[in-house]
Amino acid sequence: MLTVGAVGLRKGSPYILEAAKHFVGKVEFTIVGDYSQLSKDIVSELKAYINLVGHVSRDKVSEFYKCADVFLLPSICEGSATVTYEAMQYGLPLIVTPNTGSG
């Protein structure tokens, strides 16, 4: 399960964490995106359940799309999330909220 974007409330990261806790040992969750603004405690909790990659250059993000089975973006607030269109280019099924502008 892949999510691409800055880690935080806007992208629905708390919901990803809850899903990762629920599916521990059954589904691997990966988030590619900046998390430098989060506290150490939050980062530690996320890393306990999620492969937290951090920021990568745009040209390297494609490797994560290629390896993923599903794209997840439970966004709270988006105009139209470009990452969902990128995920579709790689043939990934999407799990998104209507707030992504792509659902």
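Preceding block: the structure.
Every value quoted in this text rests on a predicted model; they were computed, and no experiment measured them.

1. Some thoughts on the packing of aromatic side chains
(1) Moving on: Tallied over the full model, the rule gives 2 aromatic pairs.
(2) Moving on: Consider the rings of Tyr 65 and Phe 71, whose centres lie 6.1 Å apart with planes at 35°: the pair is tilted. Accessibility assignment for this pair places Tyr 65 and Phe 71 in one class, buried.
(3) Moving on: Consider the rings of Tyr 65 and Tyr 90, whose centres lie 5.2 Å apart with planes at 10°: the pair is stacked. Taken together, the positions of Tyr 65 in helix H3 (residues 58–67) and Tyr 90 in the loop between helix H4 (82–89) and strand S5 (94–96) put the pair 25 residues apart, joining distant regions of the chain.

2. A short note on the side chain of Thr 30
(1) Moving on: Here Thr 30 lies in strand S2 (residues 30–32).
(2) Moving on: The contact partners of Thr 30, leaving out residues within four places of it in the chain, are Met 1, Leu 2, Thr 3, Ile 50, Asn 51, Val 53 and Phe 64.

3. Considering the pattern of salt bridges
(1) Moving on: All chains considered together, the criterion is met by 4 salt bridges.
(2) Moving on: Lys 21 is the salt-bridge partner of Glu 45, the closest N and O atoms lying 2.7 Å from each other. Residue Glu 45 is located in helix H2 (residues 40–49), and its partner Lys 21 is located in helix H1 (residues 13–22); the two are separated by 24 residues in the primary sequence.
(3) Moving on: A relative accessible area of 34% places Glu 45 in the partly exposed class.
(4) Moving on: Look at the salt bridges and you will find they share partners, linking Glu 18, Lys 21 and Glu 45 into a network.

4. Brief notes about the layout of surface pockets
(1) Moving on: Looking at the largest pocket, its volume works out to about 170 Å³.
(2) Moving on: Met 1, Leu 2, Glu 28, Thr 30, Asn 51, Phe 64, Cys 67, Ala 68 and Asp 69 together form the lining of the largest pocket.
(3) Moving on: Taken together, the residues of the lining of the largest pocket sort by class into 5 nonpolar, 2 polar and 2 charged.

How each quantity is defined
- Residues numbered from 1 in each chain as written.
- Predicted model: local features only at pLDDT ≥ 70, side-chain atom pairs only at ≥ 80, totals over all residues.
- Heavy atoms only, no water.
- Phe/Tyr/Trp six-rings, centres within 6.5 Å; stacked < 30°, edge-to-face > 60°.
- Buried < 20%, exposed > 50% of the residue type's maximum accessible area, 1.4 Å probe, protein only.
- Helix = DSSP H or I, 4+ residues; strand = E, 2+ residues; numbered from the N terminus.
- Contact = heavy atoms within 4.5 Å.
- Salt bridge = Lys/Arg side-chain N within 4 Å of Asp/Glu carboxyl O.
- 1 Å grid on protein atoms, 1.4 Å probe; cavity = no way out; pocket = protein on both sides within 12 Å on 5 of 7 lines; lining within 4 Å.
- Points joined across faces, edges and corners; volume = space filled by probe spheres on them.
- Nonpolar A, V, L, I, M, F, W, Y, C, P; charged D, E, K, R; others polar.

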